[in-house]
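# Descriptive analysis of the structure
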Amino acid sequence: MDSRNWIDRRFETGARYLARLTSRRSFLTRLGTLLVGTASIPLLPLSRAAAQAADTGFEDPDIEGDAGDPMNCNYWRYCSIDGFMSPCCGGSASSCPPGTEMSAVTWIGTCRNPADGHDYLISYNDCCGKSPCGQCFCNNNEDDMPAYVTARSNNINWCLAHSTTAYNSTVALVLGRADG
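Residues numbered from 1 in each chain as written. Predicted model: local features only at pLDDT ≥ 70, side-chain atom pairs only at ≥ 80, totals over all residues. Heavy atoms only, no water.

Per the stated rule, a full pass over the model turns up two salt bridges. The partner of Arg 16 in a salt bridge is Glu 12, and the shortest N-O contact between them spans 3.1 Å. Residue Arg 16 and its partner Glu 12 are both found in helix α1 (residues 2-21); the two are separated by four residues, about one turn of the helix. Its salt-bridge partner being Asp 119, residue Arg 112 comes within 3.3 Å of it at the nearest N-O pair. (Salt bridge = Lys/Arg side-chain N within 4 Å of Asp/Glu carboxyl O. Helix = DSSP H or I, 4+ residues; strand = E, 2+ residues; numbered from the N terminus.)

This model, assessed by the stated rule, comprises six aromatic pairs. When the centroid spacing of 5.4 Å and the interplanar angle of 55° are considered together, the rings of Trp 76 and Tyr 120 count as tilted. Of this pair, Trp 76 sits in the loop between α3 (49-55) and β1 (82-84) while Tyr 120 sits in strand β4 (residues 119-128); the two residues are 44 residues apart in sequence, bridging distant segments of the chain. Given a relative accessible area of 6%, Trp 76 falls into the buried group. On the basis of relative accessibility, which here comes to 6%, the residue Tyr 120 falls in the buried class. In this structure an aromatic cluster arises from ring pairing among Tyr 75, Trp 76, Tyr 78 and Tyr 120. (Phe/Tyr/Trp six-rings, centres within 6.5 Å; stacked < 30°, edge-to-face > 60°. Buried < 20%, exposed > 50% of the residue type's maximum accessible area, 1.4 Å probe, protein only.)

Take Ser 86: it is sitting in the loop between β1 and β2 (101-102). A residue is classified by how much of its surface remains accessible, and Ser 86, at 0% relative accessible area, is buried. In this structure the side chain of Ser 86 is engaged in a polar contact, spanning 3.3 Å, whose partner is the backbone oxygen of Ser 92. Residues contacting Ser 86, with those up to four places away along its chain left out, are Gly 91, Ser 92, Ser 95, Cys 96, Pro 97, Cys 127, Ser 169, Thr 170 and Val 171. (Polar contact = N/O pair within 3.5 Å; in protein donor to acceptor, adjacent residues only side chain to side chain. Contact = heavy atoms within 4.5 Å.)

This part is about the state of the cysteines. For the structure shown, the criterion picks out six disulfides. What pairs with Cys 73 in a disulfide is Cys 138, and their sulfur atoms sit 1.8 Å apart. With the S-S bond torsion at 80°, the cross-link from Cys 73 to Cys 138 turns out right-handed. Residue Cys 73 is found in the loop between α3 and β1, and its partner Cys 138 is found in strand β5 (residues 137-139); the two are separated by 65 residues along the sequence. You can call Cys 138 buried: its relative accessible area is 0%. (Disulfide = S-S within 2.5 Å.)

Here we take up the side chain of Asp 126. In this structure, Asp 126 sits in strand β4. Of the polar contacts made by the side chain of Asp 126, one reaches the side chain of Thr 170; its length is 3.0 Å.

Of all hydrophobic cores here, the largest spans 18 residues; its most connected members are Trp 76, Tyr 78, Ile 81, Met 85, Cys 111, Ile 122 and Tyr 124. At the level of secondary structure, the elements contributing two or more residues to this core comprise β3 (107-112), β4 and β6 (167-177). Per-element accounting of this core gives the leading share, three residues, to β4. Non-local contacts of Met 85, meaning those with residues more than four positions away in its chain, are made with Pro 70, Met 71, Asn 72, Cys 73, Tyr 78, Gln 135, Cys 136, Cys 138, Ser 169 and Thr 170. (Core = buried A, V, L, I, M, F, W, Y, C linked by side-chain atoms within 4.5 Å.)

Its identity as a non-glycine residue notwithstanding, Cys 136 has a phi of 55°, on the positive side. By the secondary structure assignment, Cys 136 is in the loop between β4 and β5. On the accessibility criterion, Cys 136 (31% relative accessible area) is partly exposed.

These results come straight from atomic positions and should not be treated as a statement about function.
See the structure below:
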């Protein structure tokens, strides 16, 4: 019984000491800062390499046997796309439609080209600046991860990190071979 009173007194002393040092407002301020900071994590720049490549006139590498129709959701580059395909909206598989700009951040996937049997790193960039084009919606989730694994999630509007948050469509840039 005596040891129980000792533990109770220790916790009571500790709680009173903590109450003297902090207030409810202080606690709520820290909690609010933590929540806002956590909510802003998806806005961090995860992969700006693709956006820098787009600014310098990015050209897809020559891929021997790049067969398929970029207007079709089953096109090999679209294995992890979630959104409207840029070619249906006035752009191409690697360029945004006129009047839109590529988002500075991107998600990365790995897709196999059935024509040559190689895996390629694909950068999926959202085209920002206009309302959604509404044509050729494609939702493929190969290698998609939950939203808390931000760089591998295709369920995020990446235009949130852009000067305008309006999403239009998505491009699939081939960054290079993944298997050597």
